[in-house]
Amino acid sequence: MKKCVVFLGAPGSGKGTQARKIAKENLYSILSTGDLIRAEIRASTEIGQKSRPYIERGELIPDELMLDVVEEWVNASSGGRGIVSDGFPRTVSQAKALDHRLKQTFQVTILYLDVNLEEIKNRVLNRRICSRCNSIYNIVTTKPKKEFVCDKCGGKLIRRLDDTEEMIDIRYKTYLEQTKPILDFYGTRVTLINANKDAEDVYKEIIKRINE
Ligand code: AMP
């Protein structure tokens with residue numbers, strides 16, 4: 001059975017960084033709903049135009065819209081050797097939809113990256129992403145070799161429009177209200193990972209848990 005690794009956690013908990021590493025090293029396809037939406041916004045598609053105000057307010061994109069985007073991704077994706085999901089599900093109803101769609105064909109591992117708020121703020125404020133390949137950097141801990149330039153593809157590094165001091169408080173509140181309840185929905189299916197540590201140490205722990 002193919003594997004599907006689902007990351008849950010607050011903004012800045014390391015979901016994107018860990019998901020990319022797992023996808024790369026295990027040849028998994030990565031489902032990053034944030035990346036998909038940012039690409040729609042950059043291309044100014046109808047979905048992008050509808051989504052932008054929500055991202056700008058630090059709110060979640062409505063489930064119906066998000067589920068359409070994910071469904072399209074699932075249909076277009078080859079599936080790779082497995083799937084790793086960064087940022088989906090973010091509501092209990094998305095979690096139910098994911099279960100419904102994948103439980104029969106994938107062995108689903110749900111990992112919750114637990115990070116304290118102070119660390120979250122540090123990470124979000126120091127985060128830069130590549131505008132071309134979506135690689136993630138931290139200008140303190142994982143600096144690019146050349147300032148503002150992606151090591152992997154030479155693309156321009158940018159700060160996400162929602163990675164600001166005022167937005168992080170709003171996004172964290174949204175997370176507590178709408179995303180954290182997913183932990184209760186999944187109950188004992190969730191594995192908690194202490195993700196306050198260095199990305200490499202967190203990765204080792206994740207691999208151990210996936211292979212258990
Ligand atoms: P991320 O890159 O995962 O931090 O996502 C950035 C923003 O995209 C979020 O703050 C939401 O506005 C939106 N978003 C990403 N994934 C979802 C999702 N699964 N459901 C609703 N909104 C989402």
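To be clear, the structure that these remarks concern was listed above.
Note that the coordinates shown come from a computational prediction; the quantities given were computed from them, not determined experimentally.

Visitor: So what exactly am I meant to see when it comes to the overall build of the chain here?
Guide: Regarding its fold elements, the chain presents nine helices and eight strands. Taking 2.2 N^0.38 as the reference for a compact globule, 212 residues should give roughly 17 Å; the C-alpha atoms of the chain span a radius of gyration of 16 Å, in line with that estimate. The principal-axis extent of the C-alpha atoms belonging to the chain is close to 45 × 40 × 35 Å. With 212 residues in all, the chain has 47% of them scored as buried. Considering only contacts within the chain whose residues lie at least 6 apart along the sequence, 73% involve residues at least 24 apart. When the accessible area of the chain is evaluated, it comes to approximately 11100 Å², of which 51% is carbon and sulfur surface. Between the averaged position of the 36 positive side-chain charges in the chain and that of its 30 negative side-chain charges there is a distance of 5 Å.

Visitor: Any chance you could explain the sheet that holds strand β2 (residues 29–32) here in plain terms?
Guide: Neighbouring strands of a sheet are bound in pairs by backbone hydrogen bonds; such pairs are parallel or else antiparallel. Strand order across the open sheet formed by five strands is β2-β3-β1-β4-β8, with parallel pairing between neighbours. Unpaired on one side and paired on the other, β2 and β8 (190–194) mark the two borders of the sheet. Neighbour-to-neighbour, the strand axes of the sheet open up by a mean angle of 25 degrees, direction not taken into account. Pairing between strand β4 (residues 106–114) and β8: five bridges, direction parallel. Its bridge partner lying in β8, Y112 is registered against L192.

Visitor: Would you explain the site of the ligand in this entry?
Guide: Neighbouring the ligand are 15 residues; T33, R38, E59, G87 and R160 lie closest to it. At a separation of 2.8 Å, a nitrogen atom of the ligand approaches a polar side-chain atom of T33. In the model, a nitrogen atom of the ligand is placed 2.9 Å from a nitrogen or oxygen of the Q94 side chain. Coverage of the ligand by the protein amounts to 96% of the 480 Å² it exposes when considered alone. At three residues, the largest contribution of residues to the shell around the ligand is made by helix α2 (residues 33–42). Class assignment of the residues belonging to the shell around the ligand gives a composition of five nonpolar, four polar and six charged.

Visitor: Whenever I open this one, the packing of aromatic side chains confuses me. Can you help?
Guide: For any two aromatic rings, the description comes down to two numbers: the centre-to-centre distance and the angle of the planes. Inspection of every chain in the model, using the stated rule, returns two aromatic pairs. Between F185 and Y186, the aromatic rings sit 5.3 Å apart at their centres with planes inclined by 55 degrees, giving tilted as the arrangement. The ring of Y203 has K21 lying over it, and the distance from NZ or CZ to the ring centre is 4.7 Å. When the ring centre of Y54 is taken as origin, the NZ or CZ atom of R57, which lies over that ring, is 5.2 Å away.

Visitor: What should I look at first to understand the environment of D151 in this one?
Guide: When you line up the elements, D151 lands in the loop between β6 (136–138) and β7 (157–158). For D151, a relative accessible area of 37% puts it in the partly exposed group. As for D151 and T174, which are separated by 23 residues in sequence, their C-alpha atoms are 33 Å apart. A distance of 2.8 Å separates a polar atom in the side chain of D151 from the backbone nitrogen of K145.

Visitor: Quick question: what am I supposed to make of the side chain of K15 here?
Guide: Turning to its location among the elements, K15 is positioned in helix α1 (residues 15–26). Here K15 is buried and forms no salt bridge, its nearest opposite-charge partner D86 lying at an N-O distance of 4.9 Å. Among the polar contacts listed, one links the side chain of K15 to the backbone oxygen of G9, at a separation of 3.1 Å. For K15, the contacting residues outside a window of four places in its chain are F7, L8, G9, A10, D86, G87 and L113.

Visitor: Can you walk me through the environment of Y203 in this structure?
Guide: Topologically, Y203 is positioned in helix α9 (residues 199–211). Taking the C-alpha atoms as reference points, Y203 and I193, ten residues apart in sequence, are found 9.8 Å from one another. Excluding residues within four positions of it along the chain, Y203 makes contact with Q18, K21, I22, E25 and N26. Only 3.1 Å separates the side chain of Y203 from the side chain of E25, close enough to count as a polar contact.

What counts and how
- Residues numbered from 1 in each chain as written.
- Predicted model: local features only at pLDDT ≥ 70, side-chain atom pairs only at ≥ 80, totals over all residues.
- Heavy atoms only, no water.
- Helix = DSSP H or I, 4+ residues; strand = E, 2+ residues; numbered from the N terminus.
- Rg over C-alpha atoms; globule rule 2.2 N^0.38 Å.
- Buried < 20%, exposed > 50% of the residue type's maximum accessible area, 1.4 Å probe, protein only.
- Contact = heavy atoms within 4.5 Å.
- Areas by Shrake-Rupley, 256 points an atom, 1.4 Å probe, with all protein chains shown as cover.
- Lys, Arg positive; Asp, Glu negative; His and termini not counted.
- Charge placed at Lys NZ, Arg CZ, Asp CG, Glu CD.
- Pairing = 2+ DSSP bridges.
- Axes fitted to C-alpha atoms, helices over the stretch in contact; angles between N-to-C directions.
- Near = heavy atom within 4 Å.
- Polar contact = N/O pair within 3.5 Å; in protein donor to acceptor, adjacent residues only side chain to side chain.
- Nonpolar A, V, L, I, M, F, W, Y, C, P; charged D, E, K, R; others polar.
- Phe/Tyr/Trp six-rings, centres within 6.5 Å; stacked < 30°, edge-to-face > 60°.
- Lys NZ or Arg CZ within 6 Å of the ring centre and 35° of its normal.
- Salt bridge = Lys/Arg side-chain N within 4 Å of Asp/Glu carboxyl O.

These results come straight from atomic positions and should not be treated as a statement about function.
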